[in-house]
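# Residue-level structural notes
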Amino acid sequence: MNPVDVVLIGRNEGARLVAALASVQGQARQVVYVDSGSTDDSIAEARKFGAKVVELDMSTPFTAARARNAGFDALDDPQLVMFIDGDCTLVDGFIEAGRVHLADYPKTGMVTGWRSEIHRDASLYNQLCDWEWHRPAGVIDACGGDMLVRAEAWAGVNGMNPTVIAAEDDEFCTRLRKAGWVLERIPVDMTRHDANMLTFGSWWKRAVRTGHGFAQVGFLHPEYFSKERKRVLVYGLVLPLIIILSTLIAWWLPFLLVTVYELNYLRTAQGLIRDGLPSQEAWRHAGLLTISKFPNLIGMAKFHLRRMRGDEMRLIEYK
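Residues numbered from 1 in each chain as written. Predicted model: local features only at pLDDT ≥ 70, side-chain atom pairs only at ≥ 80, totals over all residues. Heavy atoms only, no water.

### Observations regarding the overall build of the protein
Counting its regular elements, the protein contains twelve helices and nine strands. Its C-alpha radius of gyration of 21 Å places the protein within 12% of the 20 Å reference for a compact globule of 319 residues. Along the first, second and third principal axes, the C-alpha atoms of the protein reach 70 × 45 × 40 Å. Looking at the 319 residues of the protein, the share that counts as buried comes to 53%. When the accessible area of the protein is evaluated, it comes to approximately 14800 Å², of which 58% is carbon and sulfur surface. Each charge class in the protein was averaged separately, 36 positive and 38 negative side chains, and the resulting centres sit 6 Å apart. (Helix = DSSP H or I, 4+ residues; strand = E, 2+ residues; numbered from the N terminus. Rg over C-alpha atoms; globule rule 2.2 N^0.38 Å. Buried < 20%, exposed > 50% of the residue type's maximum accessible area, 1.4 Å probe, protein only. Areas by Shrake-Rupley, 256 points an atom, 1.4 Å probe, with all protein chains shown as cover. Lys, Arg positive; Asp, Glu negative; His and termini not counted. Charge placed at Lys NZ, Arg CZ, Asp CG, Glu CD.)

Next comes the structure, spelled out in structure tokens:
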């Protein structure tokens, strides 16, 4: 079967990168680490593990997509490439399972697996991340940045779009599907992730970044994230404006309209419980998901302002 190479990307990941490098030892023909301007010992640690190091030019804005492209380009004769973020560790067995699956299904251009949080219960925000990672196996529309990709498929769509700063993996997967490839999630543990999201402020910034992704990927592919964008506009913009204007009609009307958010909160919690999330967590997560439309809206507005001004698309970091 075709050999597998690994591309790791990171910036100031510290001990997380060391763990990531250790987890891929002996599982890949080549390991490339792409560094986005780290000021810690990331580059030296990568070289200790024998990885080929690519340092991105700091004069151009860093993006995960740009880093993955640079990693792929640094590989010698790639055939199957496992992309992993520097805050993740690879689970033994996934590469072999993915390689077998790709050999058995030649129309499948990419496979992913299950990601989970290393420190799931360190915070409510980590728990929410862990829930987000768990999705059913089978044919999928898109996945996160951890993926095993055919080099032929990657090269055929010219890799990732380096200007997309969030949801770049969704945008890449959309182009893969449009090119005729099948994308699949196999029922195998793939990576362990360290979100290290311990504060409300970090969660808020991540939600702003998510909104930016909704808008930017939606601008490139209008059919994608369409439901997400509509929900953000309804709950983050239209409904608040109606509530404000309703004060001119009757003092009690805003209080009545706020019940729309309460109903949305209840529906969200009930849906999480049906999906198997413990009840206590479901009610807390539903609160975050309900208010997430506001930072999402900020992120969407940020993208369109950048686009109209011709500004560079720069990362929105939450760690």
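### Examining the packing of helix α8 (residues 200-220) against helix α9 (residues 226-246)
Viewed as axis vectors pointing N to C, α8 and α9 meet at an angle of 130 degrees, and their least axial separation amounts to 9 Å. Viewed along their axes, α8 and α9 adopt a mutual orientation that is oblique. Crossing of α8 against α9: the hand is left-handed. Contact residues: F214, A215 and G218 in α8; E228, R229 and V232 in α9. Here the contact of α8 with α9 is composed, by residue class, of three nonpolar, one polar and two charged. (Axes fitted to C-alpha atoms, helices over the stretch in contact; angles between N-to-C directions. Parallel < 35°, antiparallel > 145°, perpendicular 65-115°, else oblique. Left-handed = near helix turned anticlockwise from the far one by under 90°. Contact = heavy atoms within 4.5 Å. Nonpolar A, V, L, I, M, F, W, Y, C, P; charged D, E, K, R; others polar.)

### Looking at the packing of aromatic side chains
Counted by the stated rule, this structure contains 13 aromatic pairs. Here the aromatic rings of F200 and W203 are separated by 5.3 Å at their centres, their planes lie at 40 degrees, and the arrangement is tilted. Note that F200 and W203 are positioned in helix α8 at a spacing of three residues, about one turn of the helix. A network of ring pairs unites the aromatic residues F72, F83, W154 and F172 as a single cluster. Residue placement shows R115 over the ring face of W133; its charged tip is 4.5 Å from the ring centre. (Phe/Tyr/Trp six-rings, centres within 6.5 Å; stacked < 30°, edge-to-face > 60°. Lys NZ or Arg CZ within 6 Å of the ring centre and 35° of its normal.)

### Examining the environment of T163
Take T163: it is sitting in the loop between α6 (151-156) and α7 (168-178). Note on T163: relative accessible area 44%, which makes it partly exposed. It is 9.7 Å that separates the C-alpha atoms of T163 and L315, two residues lying 152 residues apart in sequence. In contact with T163, not counting residues within four places along its chain, are Q216 and M313. Only 2.7 Å separates the side chain of T163 from the side chain of N161, close enough to count as a polar contact. (Polar contact = N/O pair within 3.5 Å; in protein donor to acceptor, adjacent residues only side chain to side chain.)

### Here we look at the pairing of strand β8 (residues 147-150)
For a regular strand, the rule is simple: side chains alternate between the two faces of the sheet. Residue alternation in β8 divides its side chains into two sets, M147 and V149 and L148 and R150, and both sets are buried. Where strand β4 (residues 80-85) lies against β8, four bridges are found, and the strand directions are antiparallel. Following the sheet pairing, V81 is matched in β8 by V149. Bridge count for strand β6 (residues 108-117) against β8 is two bridges, and the pairing is antiparallel. Looking across to β8, one finds that V111 is bridged to L148. (Pairing = 2+ DSSP bridges.)

### Quick word on the packing of helix α5 (residues 124-133) against helix α11 (residues 279-291)
When two helices pack together, their arrangement is captured by the angle between the axes and the distance separating the axes. Close contact between α5 and α11 brings their axes to 10 Å; oriented N to C, the two are set at 90 degrees. Put simply, α5 runs roughly perpendicular to α11. Note on element contacts: α11 touches α5 through E281, R284, H285, L288 and L289, opposite L124, Y125, Q127 and L128. Partitioned by chemical class, the residues of the contact of α5 with α11 number five nonpolar, two polar and two charged.

### Here's the deal with the side chain of T191
If you trace the backbone, T191 turns up in strand β9 (residues 182-193). Residue T191 is classed as buried on the basis of its relative accessible area, which comes to 1%. A distance of 2.7 Å separates a polar atom in the side chain of T191 from a polar atom in the side chain of D146.

### A closer look at the pattern of salt bridges
A full pass over the atoms with the stated rule returns 18 salt bridges. The partner of E168 in a salt bridge is R68, and the shortest N-O contact between them spans 2.9 Å. In this pair, E168 is assigned in helix α7 and R68 in helix α3 (residues 64-73), connecting sequence segments 100 residues apart. Each member of the pair, E168 together with R68, is buried. If you follow the salt bridges from partner to partner, you end up with R68, D85, R115, D146 and E168 in one network. (Salt bridge = Lys/Arg side-chain N within 4 Å of Asp/Glu carboxyl O.)

All quantities given are derived from atomic positions and should not be read as evidence of function.
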